[in-house]
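Given next are the chains, with one letter for each unit.
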Amino acid sequence: MQDTIQKAAGEIAKYCSTEEVFAIKKGKHLPSRRVIINIIKDLRRIVFPGYFGTEDLTATDPEYFIGYMMNEVYVNLKEQIRMALIYDNDCYCRDCEEKISDKADEICAYFFSRLPYIQQMLIKDVQAGYDGDPAAKSKEEIIFSYPGLFAIYIYRLAHELYLKNVPLIPRIMTEYAHSGTGIDINAGATIGEYFFIDHGTGIVIGETTVIGDHVKLYQGVTLGALSTRSGQQLSGVKRHPTIGNNVTIYSGSSILGGETVIGDDAVIAGGAFITSSVPPRTKVSVKNPELIFKQPRDMTKKEIWE
């Protein structure tokens, strides 16, 4: 056993010294996924106070509670942003570290100044869910249990950090939502207000997607790129579609390409595959294939329907 372990350890260690992806960056550390997930959970208590903790806001001052939570999260988030910026920076010296620390503080200040806006957008998303789902019994149910809202919540946090070019952390956030909900929203997407994801599993929204206001998506929808064969050469290129206002896209539809625009008030039927633009107020449907039923010859009509 010891010989086997020693041999395997030696081979793995060899790759650590020869493969660039394993190169140890002196004095640098990757952000902690565990800490970032805890930050997401704490921010949810701030954005939806009284929902996801044990605090009783009827017995305490909400402003005091929110301020206390913000202080805790600010310190933790700033440190994670600082680590991400240092890791992504080729230079590592005292002067650079001080500048990066100031930059992390600046980004944190911006992020926390945006929290009231994020909360307002999420309240509208909750309203969209309630208005758009007859199965919803209350807005509280949507906040507590809807995976679509959870994915949107994390996206709206991650998007603000993405806009500030924070490395690693936005992706860690959205992949946490992806792993828990099956909904993959890239932090770079631009999404308007009153956004509703119904059911949600299998939804993909690419980095350069633009989505207007009052848009509703069902499970299995892909807003993706036509091709990614050029790899990193496509970085920064508009390669995902633009969805107008008041658009509904039903389950299993794929809308692809950076030049593809779905006009306002359009309705896209389930199973559609779209790579060109759709005019406003258009209903796109897929012709149903012919259904053929074959029954055993020895069955009577009565037996077939029993």
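Residues numbered from 1 in each chain as written. Predicted model: local features only at pLDDT ≥ 70, side-chain atom pairs only at ≥ 80, totals over all residues. Heavy atoms only, no water.

Describing the overall build of the protein
Move 1: Regarding its fold elements, the protein presents 9 helices and 14 strands.
Move 2: Within the protein, buried positions represent 40% of all 306 residues.
Move 3: In the protein, the proportion of contacts linking residues at least 24 apart, taken out of those at least 6 apart, comes to 49%.
Move 4: Carbon and sulfur atoms make up 52% of the accessible area of the protein, which totals about 18,000 Å².
Move 5: The protein carries 33 positive and 38 negative side-chain charges, and their two centres are separated by 5 Å. (Helix = DSSP H or I, 4+ residues; strand = E, 2+ residues; numbered from the N terminus. Buried < 20%, exposed > 50% of the residue type's maximum accessible area, 1.4 Å probe, protein only. Contact = heavy atoms within 4.5 Å. Areas by Shrake-Rupley, 256 points an atom, 1.4 Å probe, with all protein chains shown as cover. Lys, Arg positive; Asp, Glu negative; His and termini not counted. Charge placed at Lys NZ, Arg CZ, Asp CG, Glu CD.)

What about the packing of aromatic side chains?
Move 1: In the structure shown here, the tally under the stated rule is 10 aromatic pairs.
Move 2: Measuring from centroid to centroid gives 6.4 Å for Phe48 and Tyr51, while their planes differ by 75°, and the two rings are edge-to-face.
Move 3: Using a relative accessible area of 6% as the deciding quantity, one classes Phe48 as buried.
Move 4: The class for Tyr51 is partly exposed, based on a relative accessible area of 25%.
Move 5: Considering the side-chain rings of Phe150 and Tyr153, the 6.4 Å spacing of their centres and the 35° angle between planes classify their relative orientation as tilted. Of the two residues, Phe150 and Tyr153 are both situated in helix H7 (residues 147-163); the distance of 3 residues between them amounts to about one turn of the helix.
Move 6: One residue, Arg44, lies across the ring of Phe52, its end atom 3.7 Å from the ring centre.
Move 7: The aromatic ring of Tyr117 is capped on one face by Arg114, whose charged end is 4.2 Å from the ring centroid. (Phe/Tyr/Trp six-rings, centres within 6.5 Å; stacked < 30°, edge-to-face > 60°. Lys NZ or Arg CZ within 6 Å of the ring centre and 35° of its normal.)

Focus: the sheet that holds strand S9 (residues 248-249)
Move 1: The 5 strands lie next to each other as S3-S6-S9-S12-S14, forming an open sheet whose pairing is parallel. The open sheet is flanked by strand S3 (196-198) and strand S14 (283-284), the only strands paired with a single partner.
Move 2: Two strands pair when backbone bridges link them, and strand S6 (residues 216-218) and S9 are joined in this way by 2 bridges, in the parallel orientation. In the sheet register, Leu217 faces S9, and the bridge partner there is Ile249. (Pairing = 2+ DSSP bridges.)

A look at the pattern of salt bridges
Move 1: Evaluation of the coordinates by the stated rule reveals 9 salt bridges.
Move 2: The closest approach of N and O atoms between Lys78 and Asp105, which form a salt bridge, is 3.9 Å. Residue Lys78 is found in helix H3 (residues 62-88), and its partner Asp105 is found in helix H4 (residues 94-113); the two are separated by 27 residues along the sequence.
Move 3: On the basis of relative accessibility, which here comes to 32%, the residue Asp105 falls in the partly exposed class.
Move 4: Across the salt bridge formed by Arg82 and Glu97, the nearest N and O atoms sit 3.6 Å from each other. You can see Arg82 sitting in helix H3 and its partner Glu97 sitting in helix H4, a full 15 residues away along the chain. (Salt bridge = Lys/Arg side-chain N within 4 Å of Asp/Glu carboxyl O.)

Considerations on the environment of Asp61
Move 1: Locating Asp61 in the fold gives a position in the loop between helix H2 (33-47) and H3.
Move 2: Judged by relative accessible area, Asp61 falls into the partly exposed class, the value being 43%.

Points about unusual backbone geometry
Move 1: If you check the backbone angles, His199 has positive phi at about 70° while not being a glycine.
Move 2: Along the chain, His199 turns up in the loop between S3 and strand S4 (204-205).
Move 3: For His199, a relative accessible area of 53% corresponds to the exposed category.

As for the side chain of Thr181
Move 1: Locating Thr181 in the fold gives a position in helix H8 (residues 169-181).
Move 2: Engagement of the side chain of Thr181 in a polar contact is seen with the backbone oxygen of Ala177, the distance being 2.7 Å.
Move 3: In this structure Thr181 touches Pro147, Phe150, Ala151 and Thr201, once residues within four positions along its chain are discounted. (Polar contact = N/O pair within 3.5 Å; in protein donor to acceptor, adjacent residues only side chain to side chain.)

A closer look at the environment of Asn186
Move 1: Here Asn186 is to be found in the loop between strand S1 (184-185) and strand S2 (190-191).
Move 2: Given the relative accessible area of 13%, Asn186 is considered buried.
Move 3: Each C-alpha atom, one on Asn186 and one on Glu175, is 8.6 Å from the other, the two residues being 11 residues apart in sequence.
Move 4: When residues no more than four places from it in sequence are discounted, the contact partners of Asn186 are Tyr155, Tyr162, Arg171, Ile205, Gly206 and Glu207.
Move 5: One polar contact links the side chain of Asn186 to the main-chain amide nitrogen of Gly188, over a distance of 2.8 Å.

Some thoughts on the sheet that holds strand S11 (residues 261-262)
Move 1: Read from one edge to the other, the open sheet built from 4 strands follows the order S2-S5-S8-S11, with strand pairing classed as parallel. Each end of this open sheet is capped by a strand with a single partner; those strands are S2 and S11.

Considerations on the packing of H7 against H8
Move 1: Look at H7 against H8: their axes get within 8 Å of each other, and the N-to-C directions meet at 170°. As the angle between them shows, H7 and H8 are arranged roughly antiparallel. Here H7 contributes Pro147, Phe150, Ala151, Ile154, Ala158, Leu161 and Tyr162 to the contact with H8, which in turn contributes Ile169, Pro170, Met173, Thr174, Tyr176, Ala177 and Thr181.
Move 2: Residues of the contact of H7 with H8, tallied by class, amount to 12 nonpolar, 2 polar and no charged. (Axes fitted to C-alpha atoms, helices over the stretch in contact; angles between N-to-C directions. Parallel < 35°, antiparallel > 145°, perpendicular 65-115°, else oblique. Nonpolar A, V, L, I, M, F, W, Y, C, P; charged D, E, K, R; others polar.)

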